[in-house]
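Below are the chains, spelled out letter by letter.
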Amino acid sequence: MRMVLILALLTLAGVIGAAVYFRSVSMPPEVWDVDPARVTPPASPNFALLRGAEAPVFDMAPEALGLRIEAIALAEGAERIAGDPASGQMTYVLRSRLMGFPDAVSIRLVPVEGGTRMEIFSRSRFGYSDMGVNGARVARWSAALSGP
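Residues numbered from 1 in each chain as written. Predicted model: local features only at pLDDT ≥ 70, side-chain atom pairs only at ≥ 80, totals over all residues. Heavy atoms only, no water.

So, the overall build of the chain
- Across its full length, the chain carries four helices and six strands.
- Mapped in sequence order, the helices and strands of the chain form the string α-α-β-β-α-β-β-β-β-α.
- By its C-alpha atoms, the chain is 70 × 30 × 30 Å across when sized along the principal axes.
- Taking all 148 residues of the chain together, the buried fraction comes to 41%. (Helix = DSSP H or I, 4+ residues; strand = E, 2+ residues; numbered from the N terminus. Buried < 20%, exposed > 50% of the residue type's maximum accessible area, 1.4 Å probe, protein only.)

Put into structure tokens, the structure is as follows:
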């Protein structure tokens with residue numbers, strides 16, 4: 001019984017230590033701020049990437065779309081680490097609630113006929129699989145931008 005208690009305490013200490021690490025690990029812009037149009041997708045399935053013909057087009061100017069994206073990202077607790085809405089290129093870091101796993105989201109806005117194309121690359125820093133988190137984020141943000 002005593003051994004079980006010691007193992008449980010060691011496991012708890014490990015989980016707490018990991019959470020502290022993941023919440024504090026840096027996400028330097030020089031590494032994580034990338035152009036979705038030029039990035040090479042990782043070999044692991046822990047990302048979502050929409051670019052070129054796959055990327056959604058929104059009926060608004062790049063500046064207006066950039067401001068809407070910024071509002072959506074900040075409402076989800078994102079921190080912008082590079083770029084700005086006016087430039088049409090931004091990178092955000094979001095962390096999972098429980099463990100603080102960091103994800104990076106890079107966005108490039110491209111003016112096209114009929115509006116602005118949003119190229120987006122959302123990816124996890126750690127792990128092989130993201131259990132669909134990045135794809136869900138891209139879908140959620142795209143749906144929010146399509147609304148009123």
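Here we look at the packing of aromatic side chains
- This model, assessed by the stated rule, comprises three aromatic pairs.
- Between the aromatic rings of Y92 and W141, the centroid separation amounts to 6.3 Å while the plane-to-plane angle is 85°, which identifies the pairing as edge-to-face. Highlighted residues: Y92 in strand β4 (residues 89–95) and W141 in helix α4 (residues 133–146), separated in sequence by 49 residues. (Phe/Tyr/Trp six-rings, centres within 6.5 Å; stacked < 30°, edge-to-face > 60°.)

Here we look at the layout of surface pockets
- Taken as a whole, the largest pocket holds about 480 Å³ of empty space.
- Contributing to the lining of the largest pocket are 18 residues, with R95, S96, D103, V133 and R137 lying nearest its centre.
- Every element with two or more residues in the lining of the largest pocket is listed here: β4 and α4.
- Counting residues per element, the lining of the largest pocket draws most heavily on α4, which supplies four residues.
- The residue makeup of the lining of the largest pocket, split by class, is seven nonpolar, four polar and seven charged. (1 Å grid on protein atoms, 1.4 Å probe; cavity = no way out; pocket = protein on both sides within 12 Å on 5 of 7 lines; lining within 4 Å. Points joined across faces, edges and corners; volume = space filled by probe spheres on them. Nonpolar A, V, L, I, M, F, W, Y, C, P; charged D, E, K, R; others polar.)

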